[in-house]
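One-letter residues, chain by chain:
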Amino acid sequence: IASGKLKDLNLKGNDFSQAKPLDELCDILRDPACKLQMLTLSNSKKLCPEPLGRILQSIRANSKTRLIMIDMQNSGVDDEGAEFVAKLIEENTSLNVINLNSSKFGAKALYRIEEAYRTNYYLEELYFSSPNLKNANLSVYDVIARNKRNNGFK
């Protein structure tokens, strides 16, 4: 795959247990010539924690990234994966949309993502849901609701 021509990469439902395809994806994402704008990892298997960490680190390592959307819906993003996402949010200035719906992280990880979101003026849409948030501290939801009203946090 020529990374300079690729704009939309749909890896929906991919199994990330194989090292070689993961290495190739990370090489593409680190390439300064990469013109990838949309990356879909939804419904992926074995994405967390190590493969997701490598993918997001590769995006963070590319200062010329053009990636504007990453979809990780229903890919099992857990607390450790949420920390990788938070670091990406803190450092990335090209992303406009991140989808974390149907994740597995808890309230502490959500709070960490929310902290990162406050420092990123470029991220316009952040979608999340997790069954592990049902018993979360209400104050976390209060913070999210306030940001949703003020900054478009979803």
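Above this text sits the structure in question.
A brief report on the enclosed structure follows. Please read all numbers here as calculations on a predicted model, not as lab measurements.

It is worth spelling out the side chain of D71 at this point. Within the element layout of this structure, D71 appears in strand β3 (residues 69-71). No salt bridge forms around the buried D71; measuring N to O, its nearest opposite-charge neighbour K12 is 7.2 Å away. A polar contact of 2.9 Å, which involves the side chain of D71, links it to the backbone nitrogen of Q73. Once residues lying within four places of it in the same chain are set aside, the contact partners of D71 are L39, T40, L41, S42 and N99.

Attention shifts here to the sheet that holds strand β4 (residues 97-100). Spatial strand order, β1-β2-β3-β4-β5: 5 strands in an open sheet with parallel pairing. Strands at the two margins of the open sheet, each flanked by one partner only, are β1 (8-10) and β5 (125-128). Strand-to-strand, the axes of this sheet are offset by a mean angle of 5°, without reference to chain direction. Where strand β2 (residues 38-40) lies against β3, 3 bridges are found, and the strand directions are parallel. Looking across to β3, one finds that T40 is bridged to D71.

The next point concerns the packing of helix α2 (residues 50-61) against helix α3 (residues 79-91). Between α2 and α3, the shortest axis-to-axis distance is 9 Å and the interhelical angle comes to 5°. It follows from the interaxial angle that α2 and α3 lie roughly parallel. Across the interface between the two elements, L52, G53, L56, I59 and R60 from α2 touch G81, F84, V85, K87, L88 and E91 from α3. Per-class residue counts for the contact of α2 with α3 are 6 nonpolar, 2 polar and 3 charged.

The next thing to look at is the pattern of salt bridges. Using the criterion set out here, one finds 7 salt bridges in the structure. Note that E91 and R60 form a salt bridge whose closest N and O atoms lie 2.9 Å from each other. Taken together, the residues E91 in helix α3 and R60 in helix α2 connect sequence positions 31 residues apart. Linking R112 and E83 is a salt bridge whose minimum nitrogen-to-oxygen distance equals 3.1 Å. Of this pair, R112 sits in helix α4 (residues 107-119) while E83 is found in helix α3, placing the two residues 29 residues apart along the sequence. Among the residues examined, R112 registers a relative accessible area of 18% and is labelled buried. Three or more residues joined by partner-sharing salt bridges are found here, namely D23, E50 and R54.

What follows concerns the packing of helix α1 (residues 19-30) against α2. A pair of packed helices is captured by two measures, namely the crossing angle of their axes and the spacing between those axes. At a minimum axis separation of 7 Å, α1 and α2 run at an interaxial angle of 20°. The pairing of α1 with α2 is recorded here as roughly parallel in orientation. The hand of the α1/α2 crossing is right-handed. Across from L22, D23, L25, C26, L29 and R30 in α1, the residues of α2 making contact are E50, P51, R54, I55, S58, I59 and A61.

What counts, and at which threshold
- Residues numbered from 1 in each chain as written.
- Predicted model: local features only at pLDDT ≥ 70, side-chain atom pairs only at ≥ 80, totals over all residues.
- Heavy atoms only, no water.
- Helix = DSSP H or I, 4+ residues; strand = E, 2+ residues; numbered from the N terminus.
- Buried < 20%, exposed > 50% of the residue type's maximum accessible area, 1.4 Å probe, protein only.
- Lys, Arg positive; Asp, Glu negative; His and termini not counted.
- Salt bridge = Lys/Arg side-chain N within 4 Å of Asp/Glu carboxyl O.
- Polar contact = N/O pair within 3.5 Å; in protein donor to acceptor, adjacent residues only side chain to side chain.
- Contact = heavy atoms within 4.5 Å.
- Pairing = 2+ DSSP bridges.
- Axes fitted to C-alpha atoms, helices over the stretch in contact; angles between N-to-C directions.
- Parallel < 35°, antiparallel > 145°, perpendicular 65-115°, else oblique.
- Nonpolar A, V, L, I, M, F, W, Y, C, P; charged D, E, K, R; others polar.
- Left-handed = near helix turned anticlockwise from the far one by under 90°.

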